[in-house]
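Here are the chains, one letter per residue:
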2 protein chains.
Amino acid sequence: MEINLKLDRKMRIIGTSELGHNTIFDTHPSAGGEDTAPTPMEILLQAMAACSFMDVVSIIRKKRKEVINLEVKAVAVRATEHPKVLTEVHLTFVLTSPDAEQSELDRAVELSQKTYCGASAMFQRSGCKVTWETVIKRP
Amino acid sequence: MEINLKLDRKMRIIGTSELGHNTIFDTHPSAGGEDTAPTPMEILLQAMAACSFMDVVSIIRKKRKEVINLEVKAVAVRATEHPKVLTEVHLTFVLTSPDAEQSELDRAVELSQKTYCGASAMFQRSGCKVTWETVIKRP
């Protein structure tokens, strides 16, 4: 896997993937940025949650249950001293589905967090405490 | 820190930061996606590189040296078995500056990778081997 980053202006960065898709990073004015895009640590957290998100959608669909929507909220605690790692992450998975059972969502998240999700495995191995909860909504 | 993700279509995800900025994730057709955006693991790698990128720009500017551009390439090796963590990352920092010295760039990257960058610290603590090289270009 190869990615590239270049400076756009001030602290704003344009990231490019192998297929040429862009992701924009910025930071707060207190750190020299202009707040035009999420910060690297916000996007790191999003990427971990997105990795698990895709696992869960995939597992629910493989059970032939309908995914009308999935929403994932991630709340993280960050160390106050350098390096300011994420020390705790709590994920809330809210699945809107007419037919998926609570137990199926629970199992999908567990499989992702304990077996499949490479990003969450990296967070957990780094010492970050990752916890989660699940909610089913009927449309 | 809090972020939110929601399903856009198929496997495409819209991530939203606290300030309301969006980041888009997608995946390959083989995984049910449409390749319209980078994958979560590509963005995870970009976020780590972007975190260190900002440290380096900040440190060089604090030395009152000019940053005309910084480009960072990250090449990663991923585990072949689940969870498919990143096991090795090599970063190449190419600084275009009329006055920064090679030793200043080297020191800035070292400070970021060993002291400041929370994302790189998480990668390293997870067991990922992070290495780097630096290049100065004169404009």
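**Here we look at the sheet that holds strand β1 (residues 2-9) of chain A**
Spatially, six strands are ordered β3(A)-β2(A)-β1(A)-β4(B)-β5(B)-β6(B) in an open sheet, and the strand pairing comes out mixed. Two strands lie at the open edges of the sheet, namely β3 (22-25) of chain A together with β6 (129-137) of chain B, each paired on one side alone. Taken pair by pair, the neighbouring strands of this sheet meet at an average axis angle of 20 degrees, ignoring direction. Sheet analysis places β1 of chain A next to strand β2 (residues 12-16) of chain A, joined by five bridges and oriented antiparallel. Bridged to Lys6 of chain A within β2 of chain A is Ile14 of chain A. Lying over the sheet, helix α2 (residues 102-116) of chain B contacts β5 (86-96) and β6 of chain B, oriented at roughly 155 degrees with respect to β6 of chain B.

**Thoughts on empty space enclosed by the protein**
The gaps of empty space that remain are located by a probe, the size of a water molecule, rolled over the atoms. In total, this model carries one cavity of 30 Å³ or more according to the counting rule given. Its volume calculated, the largest cavity comes out at about 50 Å³. Every element with two or more residues in the lining of the largest cavity is listed here: α3 (118-125) of chain A together with α3 (118-125) of chain B. Of the residues forming the lining of the largest cavity, the biggest block, three residues, is contributed by α3 of chain A. Here the residues of the lining of the largest cavity are counted per class, giving seven nonpolar, no polar and no charged.

**A closer look at the relation of the copies chain A and chain B**
The two copies are related by a screw operation: chain A maps onto chain B through 180 degrees of rotation and 0.0 Å of translation along the axis, at an RMSD of 0.0 Å. The symmetry that links the two subunits is that of a two-fold axis. Residues of chain A ranked by C-alpha distance from the rotation axis are headed by Ser126 of chain A, positioned 2.0 Å from it. Looking at the interface residues of chain A, 100% of them are also at the interface in chain B, so both copies use one shared face.

**Things to note about the interface of chain A and chain B**
You'll often see interface size given as the accessible area lost when the parts meet. Between chain A and chain B, the residue contacts involve 68 residues of the former and 68 residues of the latter. Counting the surface lost from both chain A and chain B, the interface buries some 6,000 Å², and carbon and sulfur atoms represent 70% of this. Linking chain A with chain B are zero salt bridges. Taken together, the links from chain A to chain B amount to 18 residue pairs in polar contact (both at pLDDT 80 or more). Considering every element that reaches the side of chain A that touches chain B, the biggest residue donor is helix α1 (residues 40-62) of chain A, with 17 residues.

About the criteria used
Residues numbered from 1 in each chain as written. Chains lettered and ligands numbered in written order. Predicted model: local features only at pLDDT ≥ 70, side-chain atom pairs only at ≥ 80, totals over all residues. Heavy atoms only, no water. Pairing = 2+ DSSP bridges. Helix = DSSP H or I, 4+ residues; strand = E, 2+ residues; numbered from the N terminus. Axes fitted to C-alpha atoms, helices over the stretch in contact; angles between N-to-C directions. Contact = heavy atoms within 4.5 Å. 1 Å grid on protein atoms, 1.4 Å probe; cavity = no way out; pocket = protein on both sides within 12 Å on 5 of 7 lines; lining within 4 Å. Points joined across faces, edges and corners; volume = space filled by probe spheres on them. Nonpolar A, V, L, I, M, F, W, Y, C, P; charged D, E, K, R; others polar. Least-squares fit on C-alpha atoms with pLDDT ≥ 70 in both. Buried area = accessible area lost by both parts, 1.4 Å probe. Salt bridge = Lys/Arg side-chain N within 4 Å of Asp/Glu carboxyl O. Polar contact = N/O pair within 3.5 Å; in protein donor to acceptor, adjacent residues only side chain to side chain.

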